[in-house]
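# Working through the structure, step by step
Chain by chain, the residues run as shown.
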Amino acid sequence: MKINALAALVSGVLATQAALAQTQSAFTVPQPVEQALAQVQPNDIKAHIQYLADDKLQGRLPGTPGYQMAVDYVTEQLKKLGAQPAGEKGTYVQKVRLRRAFTAPGATLSVQAKQGQAPALTYGQDFMFYPNPEETQVSVQAPLVFAGYGISTPELGYDDYAGLDAKGKVVVIVRGAPKKFSSTVALYNEDLLTIMQTAARHGAVGVMVASTKPNVRLVTQPKGVISVLGPNGKVAVSRSFATKQIRMLGAVNAATLQNLFVGAAADTGRVLASLRTDKPMSQPLAGNLTAQFRSTYKDVDSYNVVGKIPGSDPKLKDEYVVHSAHLDHLGISTPVEGDSLYNGAHDNASGVASVLEIGKVYSRLKEKPKRSVLLVLVTGEEMGLMGSGYFAKYPTVPKAQIVADVNTDMPTIIAPLLSVVALGGENSSLQTQVTNAAGHLGLTVEPDPEPDQNRFIRSDQYSFVAQGIPALHIKYGNKTPDGQNNLSQTVQQWRAKYYHKPQDDINGMFDFEAGKKYVQLNFLIGYQIAQNPVRPTWNPGNFFGQKKVQ
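Note that this is a predicted model, so its numbers are computed, not measured.

## Here we look at the overall build of the protein
Looking only at helices and strands, the protein features 14 helices and 21 strands. What you see for the protein is a C-alpha radius of gyration of 24 Å, in line with the 24 Å of a compact globule of 550 residues. Taking the principal axes of the C-alpha coordinates as reference, the protein spans close to 80 × 50 × 50 Å. Counting every position in the protein, which comprises 550 residues, the buried fraction comes to 55%.

Written out as C-alpha cells, the structure is:
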C-alpha cells in the first residue's frame, strides 16, 4: 500500500473513532471503584519518591547495592498490598543479566580500492566500532555497497535496497528517512536496530553508519554498550546487536565517506541530493573493507520486579494487563554544580510510586477486574529499554496472554494536571479507554505538544509495542489554570535544570495532587482494559500493528 493511501486510511479510521467517542454514552465508574480511587493519598506518593530518591540508594544504578535496595523496597510494597509473586520460580523478580561491552584498543579499518593504496584510518577520528556483545574477536573482509538510509519499506513506497545486491557485503548508510514518512514511522526506521535487521534480511554481514557533515566528530563508547544476555549466555535484547550475521556495526566520518565513494558510479553529491528528494541512489562501492577489533565485557545481574493482582473471571484471569514503570536511574556520574549523585526523583521514582499506588487501588477492590493485572517495575530503561525489552520478549507469563501495557515514565508532576497526551494511543483501540478515563476525571486529551521529543519510542511502552502488544504512555498536556495553556514551556524550563541531573531529587518541584490524578487516570485506563471482554486491537492499517519490531 502506498504511504498516501495508508495515511488516508488511518486518518479515516481515527476520524470515525473520534465521532463514535463523541456519541457514545458517558463512561460510568462503579461505586466501589470510585471509593477506592478516592483513597489515593498524595502523601503516599511522596513517601515512595522520598525513599527511592534518597541518597542512600546512590541513584539506583542497575547492578549496585542501591538498586537492590530499590528492588527490596518495591517487593515489600507489593507484598503489603497483597500482590502475588509473578516473577521467576515463585518469586517477585525476573533476573536480567546486563552485559556492558567495550571496544578494546587496537581496532583497525582499511578500505582497499581496486587501484592504489588503502588510506591510513585512525580509530575515534575516522572510524569507530560498536563492541560485539557475543564475539570477542571480529575480523571482516567484504565488498562495500551504499544503501541510502538503509530503509526497506516497499509497502510504504520506499526501498533503499531495491535492485541492490547486499549479500555478503558491508552496507554503508547515512542517517535519515524519507520526508513523506510520519515522525513515528521515520524514527522506527532510523533506529540502529531496525537498520541492522533490514541489512541482515538482505544478506549483509556488516553496517557502517556514515556522517555527512565534515565538522561532526564520531561518538565513541567509553562507558560501553549494554545488552541483555539470556539464560543460554547469548544476546537476548540489544539496541546495537541484531543477529550473529551482522558481525560489525561501526561509523565513519564525512571524509572517510568521500573516500569510500572513489570509483563509484555516482559521487556523494549526487547521491545525497537524490536522497533528500526521497529518491534512493543505492549502488556498489569500489573498495573492499577489512576490519578487525576485539570486545571486552563486564556482566552484572539486575532484576525486574513483577507482582500480580489475580483476575476474577474464570477464563479472562489468564490474560494480563500490565502497569509498568522503570525502577533504575543513572547512579553516580558527572558532577553538576558540585553534585554527582543522580537521585532520579521524577525520573522515575515518581513513576514507580504511581504504579505502587495503582496496585493499592486494585487491592482495595473486593471484586477484582476480570483480567489479571501485572505490576511490573523494570530495570535498565536508562540503558536503552533493556529490562522492559527482556520482559516483553520473555515475560514471566505467556506472552500471547498479555493484552496491553500502560506505562508510566516521569509523569513530571510539577503543576496541576488538567490535560494529557496519550503517547501511542492513536495506534490502537486503547484510545477509547483514555478518552473515557480522562473525561471521567475532567481532563482534556490533547495532541502531543512536543512531537520533536519522540517520546513514544523512547520509553518502556515501546518494548511492548515491539512485541505486537498495544501500549501507551500518558504524559502531561499543555493546559494551565491561568488559561495560557503553555505548560510545555514550563516543563522545558524544568527539564533544562533537572532532567538527568543530580538536581532531580526530592527537594525539587513537585505537585503531589497531580501525582494523585495520574494514579487515578492510569488505574482507570488499565481497569477498563481488564474489564472489557474484548482484547485491545491495533487500528486498521496501523504501522505497528502490521509489524513485529525487535
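## A few points about the nonpolar core
Judged by nonpolar contacts, the single largest core of 72 residues is most densely connected at Ile 49, Leu 327, Ile 474, Leu 521 and Phe 523. In terms of residues, this core owes the most to one element, helix 14 (residues 512–531), which gives 11 residues. Other than its neighbours up to four places away in sequence, Ile 474 contacts Asn 407, Val 420, Val 421, Ala 422, Val 434, Tyr 518, Leu 521, Asn 522 and Ile 525. The next biggest cluster of nonpolar side chains, apart from the first, holds 63 residues, and it includes Leu 156, Leu 285, Val 465 and Phe 544.

## A short note on unusual backbone geometry
With an omega dihedral of 5°, the bond running from Asp 347 to Asn 348 counts as a cis peptide bond. One can find Asn 348 in helix 9 (residues 345–364). Unusually for a residue other than glycine, Arg 60 sits at a positive phi of about 55°. Arg 60 sits in the buried class, given a relative accessible area of 1%. Not every positive phi belongs to a glycine, and Lys 89 is a case in point at roughly 55°. Within the secondary structure, Lys 89 is located in the loop between strand 1 (84–85) and strand 2 (93–103).

## A word on the environment of Lys 80
Positionally, Lys 80 belongs in helix 4 (residues 65–80). Expressed as a C-alpha distance, the spacing of Lys 80 and Lys 479, which sit 399 residues apart in the sequence, is 36 Å.

## What about helix 5 (residues 183–190)?
Listed as buried for helix 5 are Val 185, Ala 186, Tyr 188 and Asn 189. Buried residues in helix 5, looked at end-on, bunch into an arc of 160°, giving them a common side. In the core, the buried residues of helix 5 are packed alongside strand 6 (152–153), helix 6 (192–201) and helix 12 (461–465).

## So, the pattern of salt bridges
Within the structure shown, the criterion is met by 9 salt bridges. Here Arg 97 makes a salt bridge to Asp 301, at a shortest N to O gap of 2.7 Å. Here Arg 97 is found in strand 2, whereas its partner Asp 301 is found in strand 13 (residues 283–309), with 204 residues between them in sequence. A salt bridge links Arg 371 to Glu 319; the nearest nitrogen and oxygen atoms lie 2.7 Å apart. Taken together, the residues span a long stretch of sequence, with Arg 371 in the loop between helix 9 and strand 17 (372–378) and Glu 319 in the loop between strand 13 and strand 14 (320–326) at a distance of 52 residues. In this pair, the class of Arg 371 matches that of Glu 319, namely buried.

Rules used throughout
Residues numbered from 1 in each chain as written. Predicted model: local features only at pLDDT ≥ 70, side-chain atom pairs only at ≥ 80, totals over all residues. Heavy atoms only, no water. Helix = DSSP H or I, 4+ residues; strand = E, 2+ residues; numbered from the N terminus. Rg over C-alpha atoms; globule rule 2.2 N^0.38 Å. Buried < 20%, exposed > 50% of the residue type's maximum accessible area, 1.4 Å probe, protein only. Core = buried A, V, L, I, M, F, W, Y, C linked by side-chain atoms within 4.5 Å. Contact = heavy atoms within 4.5 Å. Arc of directions from axis to C-beta. Salt bridge = Lys/Arg side-chain N within 4 Å of Asp/Glu carboxyl O.

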